[in-house]
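Take a look at the letters that make up each chain.
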Amino acid sequence: MSFLTPVDALDEHYDLAVMGSGAAGLVAACRAAATGLRVVVLEKATRLGGTSAAGGGVIWAPDNPLAAPGLDSPDAAAAYLRAATGGAMTEEEIDWYLRTSRAAVDFLDRETHVRLTPLSRPDYHMEWPGAVAGGRSLDNDPFDPAHFPGVPGLAESLRPPTYLPLISMNERDHLHGAAPDPELLARRAASGVRTMGGALVGALVATAVERGVDLAVSAPVTGLEPLDVPVEGGDAHDGARWLVRVGGGSPSRATAGAVLIASGGFERNAGLAASLLRFPTTPIGAPSNTGDGLLLGLRAGAMLAQTGAIWGVPVIAPEDREYEGAPTGRMGNVEMTLPGSITVNAAGKRFVNEAMNYHDLSRVFANVDPATSRPANDPAWLVFDATYHSRYPVAGNPAGTVAPWMHRAESLADLAEAIGIDAGALAATVRKFNADARAGVDSEFGRGSTEQDRHLGDPAVGPNPCLAPLEIGPFFAVRIRPGALGTAGGLAADLDGRVLTPSGEPIPGLYAAGNCSATVFKDAYPGGGATLGSAVTRAFAAAEHIVSEHAAERTAPGAAVPA
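- The name that an unreviewed UniProt entry assigns to the protein is FAD-binding protein, with the source organism given as Sinomonas cyclohexanicum.

### Here we look at the overall build of the protein
Part 1: Tallying secondary structure elements over the protein gives 17 helices and 24 strands in all.
Part 2: Over its C-alpha trace the protein gives a radius of gyration of 24 Å, about what one expects of a compact globule, namely 24 Å for 563 residues.
Part 3: Taken along the three principal axes of its C-alpha coordinates, the protein extends 80 × 50 × 50 Å.
Part 4: When burial is assessed residue by residue, the protein has 59% of its 563 residues classed as buried.
Part 5: Long-range pairs, those at least 24 residues apart, make up 75% of the contacts in the protein with a sequence separation of at least 6.

### Some remarks on helix 1 (residues 23–33)
Part 1: Summarising burial for helix 1: 11 of the 11 residues are buried, a large majority.
Part 2: Residues of helix 1 that are buried: Ala23, Ala24, Gly25, Leu26, Val27, Ala28, Ala29, Cys30, Arg31, Ala32 and Ala33.

### Considering the packing of helix 1 against helix 8 (residues 196–210)
Part 1: Between helix 1 and helix 8, the least distance of the axes is 9 Å, while the angle of their chain directions is 30 degrees. Between helix 1 and helix 8, the angle is such that the two are roughly parallel. Of the two possible hands of crossing, helix 1 and helix 8 adopt the one that is left-handed. Counted together, Ala23, Leu26, Val27 and Cys30 of helix 1 and Leu200, Val201, Leu204, Val205, Thr207 and Ala208 of helix 8 form the full contact between these two elements.
Part 2: Partitioned by chemical class, the residues of the contact of helix 1 with helix 8 number 9 nonpolar, 1 polar and no charged.

### Remarks on unusual backbone geometry
Part 1: Cis peptide bonds are those with omega within 30 degrees of zero, and the linkage from aspartate 378 to proline 379 qualifies with 20 degrees.
Part 2: With respect to the helices and strands, the residue proline 379 is situated in the loop between strand 18 (374–375) and strand 19 (380–384).
Part 3: Here the residue pair glycine 473 and proline 474 is connected by a cis peptide bond, since its omega of 5 degrees sits within 30 degrees of zero.
Part 4: Within the element layout of this structure, proline 474 appears in the loop between helix 16 (451–454) and strand 21 (475–487).
Part 5: Even without being glycine, aspartate 63 reaches a positive phi, approximately 55 degrees.
Part 6: With respect to the helices and strands, the residue aspartate 63 is situated in the loop between strand 3 (59–60) and helix 3 (74–84).
Part 7: A relative accessible area of 17% means that aspartate 63 is categorised as buried.
Part 8: One non-glycine residue with positive phi stands out, namely histidine 176, at about 55 degrees.
Part 9: The topology assignment puts histidine 176 in the loop between helix 6 (169–173) and helix 7 (182–191).

### Brief notes about the packing of helix 4 (residues 91–111) against helix 17 (residues 530–555)
Part 1: In the contact formed by helix 4 and helix 17, the axes pass within 9 Å of each other and the chain directions differ by 85 degrees. The angle between helix 4 and helix 17 places the two elements in the roughly perpendicular class. Side by side, helix 4 and helix 17 meet where Trp96, Tyr97, Thr100, Ser101, Ala103, Ala104, Phe107 and Leu108 of the first sit next to Gly533, Ser534, Val536, Thr537, Arg538, Phe540 and Ala541 of the second.
Part 2: Here the residues of the contact of helix 4 with helix 17 sort into 9 nonpolar, 5 polar and 1 charged.

### Brief notes about helix 7
Part 1: Its side-chain oxygen placed 3.0 Å from the backbone nitrogen of glutamate 183, aspartate 181 serves as the N-cap of helix 7.
Part 2: Of the residues one or two after helix 7, glycine 192 is the one with positive phi, at around 80 degrees.

### Some remarks on the nonpolar core
Part 1: Membership of the largest hydrophobic core comes to 56 residues, with the highest contact counts inside it found for Val39, Leu108, Leu154 and Leu260.
Part 2: Elements with a contribution of two residues or more to this core: strand 1 (13–19), helix 1, strand 2 (39–42), helix 4, helix 8, strand 9 (252–261) and helix 17.
Part 3: Counting 33 residues, the second-largest nonpolar core is a separate cluster that includes Val334, Val352, Ala403 and Val461.

### Let's talk about the pairing of strand 24 (residues 506–512)
Part 1: For strand 24, the tally of buried residues reaches 5 of 7 residues, placing the bulk of the element in the interior.
Part 2: Relative to strand 24, strand 9 runs parallel, the two sharing 3 bridges. Residue pairing for strand 24: isoleucine 261 is matched across the bridge by alanine 512.
Part 3: In this sheet, strand 24 lies alongside strand 23 (residues 498–500) in antiparallel orientation, the contact comprising 2 bridges. Looking across to strand 24, one finds that arginine 498 is bridged to tyrosine 511.
Part 4: Between strand 23 and strand 24, which follow one another and run antiparallel, lie 5 residues, and glycine 504 among them has a positive phi close to 90 degrees.

### Section: the sheet that holds strand 4 (residues 116–118)
Hydrogen bonds along the backbone pair up the strands of a sheet, which may run parallel or antiparallel.
Part 1: On the basis of which strands lie adjacent, the open sheet formed by 3 strands has the order 3-5-4 and antiparallel pairing. A strand with exactly one partner marks an edge of an open sheet, and here the two such strands are strand 3 and strand 4.
Part 2: One ladder, built from 3 bridges, connects strand 4 with strand 5 (residues 137–140); its direction is antiparallel. Within the sheet, the bridge partner assigned to proline 118 lies in strand 5 and is leucine 138.

### Considering the side chain of aspartate 360
Part 1: In this structure, aspartate 360 sits in helix 12 (residues 358–362).
Part 2: Within the structure, aspartate 360 has its side chain in polar contact with the side chain of asparagine 357 (distance 2.8 Å).

### Focus on the packing of aromatic side chains
Part 1: Under the defined criterion, the tally for this structure stands at 16 aromatic pairs.
Part 2: Summarising the aromatic geometry, the rings of tyrosine 97 and phenylalanine 521 are spaced 4.9 Å apart at their centres and angled 65 degrees between planes, so their arrangement reads as edge-to-face. Pair noted here: tyrosine 97 is in helix 4 and phenylalanine 521 is in the loop between strand 24 and helix 17, with a separation of 424 residues, a long-range link.
Part 3: Judged by its relative accessible area of 0%, tyrosine 97 is buried.
Part 4: Of the residues examined, phenylalanine 521 reaches a relative accessible area of 0% and is grouped as buried.
Part 5: Arranged with centres 5.4 Å apart and planes meeting at 65 degrees, the rings of tyrosine 358 and tyrosine 525 form a pair that is edge-to-face. Residue tyrosine 358 is located in helix 12, and its partner tyrosine 525 is located in the loop between strand 24 and helix 17; the two are separated by 167 residues in the primary sequence.
Part 6: A residue is classified by how much of its surface remains accessible, and tyrosine 358, at 10% relative accessible area, is buried.
Part 7: What links up through ring pairs into an aromatic cluster is the set Trp60, Tyr80, Trp96, Tyr97, Trp128 and Phe521.
Part 8: Over the ring of tryptophan 381 we find arginine 479, and its NZ or CZ is 6.0 Å from the ring centre.

### Concerning the environment of alanine 203
Part 1: Along the polypeptide, alanine 203 turns up in helix 8.
Part 2: Judged by relative accessible area, which is 1%, alanine 203 ranks as buried.
Part 3: Sequence-wise, alanine 203 and phenylalanine 143 are 60 residues apart; in three dimensions their C-alpha atoms are separated by 7.0 Å.
Part 4: Excluding residues that lie within four positions of it along the chain, alanine 203 makes contacts with His113, Val114 and Phe143.

The rules behind the values
Residues numbered from 1 in each chain as written. Predicted model: local features only at pLDDT ≥ 70, side-chain atom pairs only at ≥ 80, totals over all residues. Heavy atoms only, no water. Helix = DSSP H or I, 4+ residues; strand = E, 2+ residues; numbered from the N terminus. Rg over C-alpha atoms; globule rule 2.2 N^0.38 Å. Buried < 20%, exposed > 50% of the residue type's maximum accessible area, 1.4 Å probe, protein only. Contact = heavy atoms within 4.5 Å. Axes fitted to C-alpha atoms, helices over the stretch in contact; angles between N-to-C directions. Parallel < 35°, antiparallel > 145°, perpendicular 65-115°, else oblique. Left-handed = near helix turned anticlockwise from the far one by under 90°. Nonpolar A, V, L, I, M, F, W, Y, C, P; charged D, E, K, R; others polar. Polar contact = N/O pair within 3.5 Å; in protein donor to acceptor, adjacent residues only side chain to side chain. Core = buried A, V, L, I, M, F, W, Y, C linked by side-chain atoms within 4.5 Å. Pairing = 2+ DSSP bridges. Phe/Tyr/Trp six-rings, centres within 6.5 Å; stacked < 30°, edge-to-face > 60°. Lys NZ or Arg CZ within 6 Å of the ring centre and 35° of its normal.

In structure tokens form, the structure reads like this:
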């Protein structure tokens, strides 16, 4: 028994068809269904959740209703967004984001099973006007599918995490690089508890089922065809604008008054990524993110925007790591932040503040060496000593153990030879770094000099929780690659989520939200959870517009009145 709807059992008509079951699609589905609209969510993969279910699940929402009173304000939030986006967001867009993200969080808190907790995580640029030290990034409380017996098979229906452990982001932040309690992980795994993005998706799915939303897996949307006139046949078909073709084992079709494309990015489409992105990346999201929604939007007449943008991360990607049969990796920003490590390029030199936020850090991988016209910082290597190795896990590998993908050598010179970098330059880099680490001040890049840097450092290490010398052999090296949580550009959409044509006109009844569309942050990353903050806010706005349009059509002169 399952709550999922087989493709061949889909209704003939829906008020809203949602393409993709990540956080964006599910938020829109829950909001529309809350007003009585008939909604279907069509998921290409065999399980629900997309990259949202596999990720951290944090939502960045400034001046949200869950933060402690007096911690934030609309003026502070607006000032910070102006600085974070370098003026790229207009005042209208800033005001829209603040109002709409607050409304979306209020909806999630009051009308869904989502349970959000503000994190004590600082904004990523505390030096900018309006930054706050916590409360804007919202974490998900652990979610237990067993509490929802009316949704049979809920746990099994959710996409599993790629590598994130079964702890909340709040619990993770307080570990300071240490491994989580194995007994806690075992208990949660045995009972089917989900955390982080899995908790968010699980709570949204449970809400959607209670609201009467149809959810179908193995249901790729293979065609979107505009209907010139509403489909005849009675009240149930009034207002249909789109014919939605659904593939899979039993091809089906349905009409819809509105379609929301929320199908994830195109980072797993090699052709699109090579053509549109600024540099090669290692994707760590859902393997199903192959740009289906972007391509369908283009066929429908959409314009593209910000297609070179990604949600960037440094990634540790051992060659044998796969997620559902596709190569993958895991974020390496914590390992880069912890004291006793440095990150160097092939020249044996540091090239960035390793503790800065992962998105801004990823930009340095686009730098080109003018002498060679090749990437200046790829390949890059995380280098650490025996003290670091004994204290901290690396890419999930237990502290003190050597994985096959780690390079190990008794001296820095031998390590440099093993990984093919300049030994003299590496030795000089380590000497300079060690002197700075003992003084507690990184004179080259300022690592650990800000509150946001220190947040993921080790508070047991002083005077700087992000700095410690590399001086005790053996020494180790692990490859760091430019990675992507997902793409951040794609279909152009307005503040109501309506997909736009090259002339700037909205395509009637077609909406987009999430990584298939151009982020509202204009390729900026203001704080932890900006990815889902952008996605959820635009999806909520799209659902609000769809609801209002549906109501207007029902009350227009001459409209059919339901019996």
